[in-house]
Amino acid sequence: MRILIVTAVPAERDALLRGDAAFPGNTEVDVLAAGVGPAAAAAGTAVALARSPYDLVVSAGIAGGFAPVAPVGSVVVADRVVAADLGAESDDGFVPIDDLGFGTGVYDLAPELVAPAAQAVREKLGAVSVGPILTVSTVTGSAARAAELMRRHPGAAAEAMEGFGVATAAAGAGVPFLELRSVSNPVGPRDRAAWRIGEALAALGAAAAAVLPVLAALPVLPAAPVPPVSPVRKEQS
Ligand SMILES: O=C(O)c1cccc(C(=O)CC[C@H]2O[C@@H](n3cnc4c(=O)[nH]cnc43)[C@H](O)[C@@H]2O)c1
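Residues numbered from 1 in each chain as written. Predicted model: local features only at pLDDT ≥ 70, side-chain atom pairs only at ≥ 80, totals over all residues. Heavy atoms only, no water.

Under an unreviewed UniProt entry, the protein has the name Futalosine hydrolase and belongs to Yinghuangia soli. Entered under Pathway (unreviewed entry) in the UniProt record, the comment concerning the protein runs "Quinol/quinone metabolism; menaquinone biosynthesis." (UniProt positions renumbered as here; feature names shortened; annotations may be inferred.)

**Looking at the nonpolar core**
Within soluble globular proteins, side chains that are nonpolar tend to cluster in buried spots. One finds Val57, Val58, Val77 and Leu215 to be the most contacted residues of the largest nonpolar core, which totals 51 residues. Sorting elements by how many residues they give to this core places helix α7 (residues 197-217) first, with eight residues. In this structure Val57 touches Leu4, Val6, Thr45, Leu49, Val166, Ala170, Val175, Pro176, Phe177 and Leu178, once residues within four positions along its chain are discounted. Core analysis: the second largest hydrophobic core is formed by 10 residues, Val82, Ala84, Leu149 and Met161 among them. (Core = buried A, V, L, I, M, F, W, Y, C linked by side-chain atoms within 4.5 Å. Buried < 20%, exposed > 50% of the residue type's maximum accessible area, 1.4 Å probe, protein only. Helix = DSSP H or I, 4+ residues; strand = E, 2+ residues; numbered from the N terminus. Contact = heavy atoms within 4.5 Å.)

**Details of the pairing of strand β1 (residues 2-7)**
Of all six residues in β1, five are buried, a share of seventy percent or more. Pairing of β1 with strand β2 (residues 28-33), which is carried by six bridges, proceeds in the parallel orientation. Pairing of Val6 across the sheet is with Leu32, part of β2. Across four bridges, the pairing between β1 and strand β3 (residues 56-65) is parallel. (Pairing = 2+ DSSP bridges.)

**Focus on helix α2 (residues 38-51)**
The terminal C-alpha atoms of α2 lie 20 Å apart, and with 14 residues this matches the ideal 20 Å at 1.5 Å per residue to within 8%. Buried residues belonging to α2 abut β1, β2, β3 and α6 (163-173). (Expected span 1.5 Å × (residues − 1).)

**Digging into the UniProt feature "domain: Nucleoside phosphorylase" (unreviewed entry) in the protein**
What UniProt calls "domain: Nucleoside phosphorylase" (unreviewed entry) maps, in this numbering, to residues 25-211. From the first C-alpha to the last, residues 25-211 spans 16 Å; its make-up is 37% helix and 30% strand.

**A closer look at the UniProt feature "transmembrane region" (unreviewed entry) in the protein**
Under the UniProt annotation, the feature "transmembrane region" (unreviewed entry) is placed at residues 200-221. The span residues 200-221 is 82% helical and 0% strand by assignment, and the distance between its end C-alpha atoms comes to 30 Å.

**With respect to the site of the ligand**
Taken together, 15 residues lie near the ligand, and Glu159, Glu162, Asn185, Arg190 and Trp195 sit nearest. In this structure, a nitrogen atom belonging to the ligand sits 2.6 Å away from a side-chain N or O atom of Glu159. The contact in question runs from an oxygen atom of the ligand to an N or O atom on the side chain of Arg181, over 3.5 Å. In the complex, 84% of the free accessible area of the ligand, which totals 550 Å², lies under the protein chains. (Near = heavy atom within 4 Å. Polar contact = N/O pair within 3.5 Å; in protein donor to acceptor, adjacent residues only side chain to side chain. Areas by Shrake-Rupley, 256 points an atom, 1.4 Å probe, with all protein chains shown as cover.)

**Topic: the packing of helix α4 (residues 111-125) against α7**
Taken N-terminus to C-terminus, the directions of α4 and α7 make an angle of 130 degrees; their axes are 8 Å apart at the nearest point. Judged by the angle between their axes, α4 and α7 are oblique. Here α4 runs over α7; the crossing is right-handed. Contacts between α4 and α7 pair Leu113, Pro116, Ala117, Ala120, Val121, Lys124 and Leu125 from the former with Ala203, Ala206, Ala207, Ala209, Ala210, Val211, Val214 and Leu215 from the latter. Grouping the constituent residues of the contact of α4 with α7 by class yields 14 nonpolar, no polar and one charged. (Axes fitted to C-alpha atoms, helices over the stretch in contact; angles between N-to-C directions. Parallel < 35°, antiparallel > 145°, perpendicular 65-115°, else oblique. Left-handed = near helix turned anticlockwise from the far one by under 90°. Nonpolar A, V, L, I, M, F, W, Y, C, P; charged D, E, K, R; others polar.)

**Observations regarding helix α5 (residues 143-152)**
Where α5 is concerned, the buried positions are Ala146, Leu149 and Arg152. Viewed along the axis of α5, the buried residues span an arc of 130 degrees, placing them on a single side of the element. When the buried face of α5 is taken as reference, the exposed residues oriented beyond 90 degrees from it are Ala144 and Arg151. Summarising the contacts, the buried residues of α5 are in contact with β6 (93-96), β8 (129-135) and β9 (158-160). (Arc of directions from axis to C-beta.)

Written out as structure tokens, the structure reads:
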């Protein structure tokens, strides 16, 4: 089993590398800090997958948590990732890219991965939230925006900036995907004093240490069909 974990920044990567985890001997876990935001995450993941085969891709890092589902210091396992600001504004509100007819902004994750990952975190840390994790390009900074996201995505657990990008690259390669986050701040009014990054990085490392041996012991999920990537050659006139 070869697992690629994609974080945004080196501090997240190092928290994952530090955590002690015992895998079966045939397991390899690589951790890539690909940059902040969905574009950097997608590009970094796609390059890593093009260079080397993996059986599973995990987007991991810190996140904002939606109250009361995911308090600061808690851990979230996504059952769905949503590109929450990919679409169009209109007089009637936000129109998701799915409704525009330009593809999808939603990936539902395999229950065969989500359930054992969540169970592993629950057993080790005592609690876990399972729910949609939103991917945004702009960090939410107001109560109004947080309320709007919760209205559009009932049950949303957390908000971060990379999951959908990593998931898109994984889907493009037919590789199963999971997102694992620890909560560093509440989603809501901007308040840098309220961030608990050290606490969140420690929780991330502990969660990964719990989850990785469980994932490594699972049967490899079959590769999903990949969408075509077919450039068309322009002829000289
Ligand atoms: O300047 C701010 O107000 C601010 C508030 C929260 C996070 C940031 C970041 O620039 C961190 C981006 C980085 O961390 C993840 N992250 C952590 N918390 C959140 C959040 O509330 N909303 C979105 N992303 C968050 C994210 O995945 C990035 O990798 C700045």
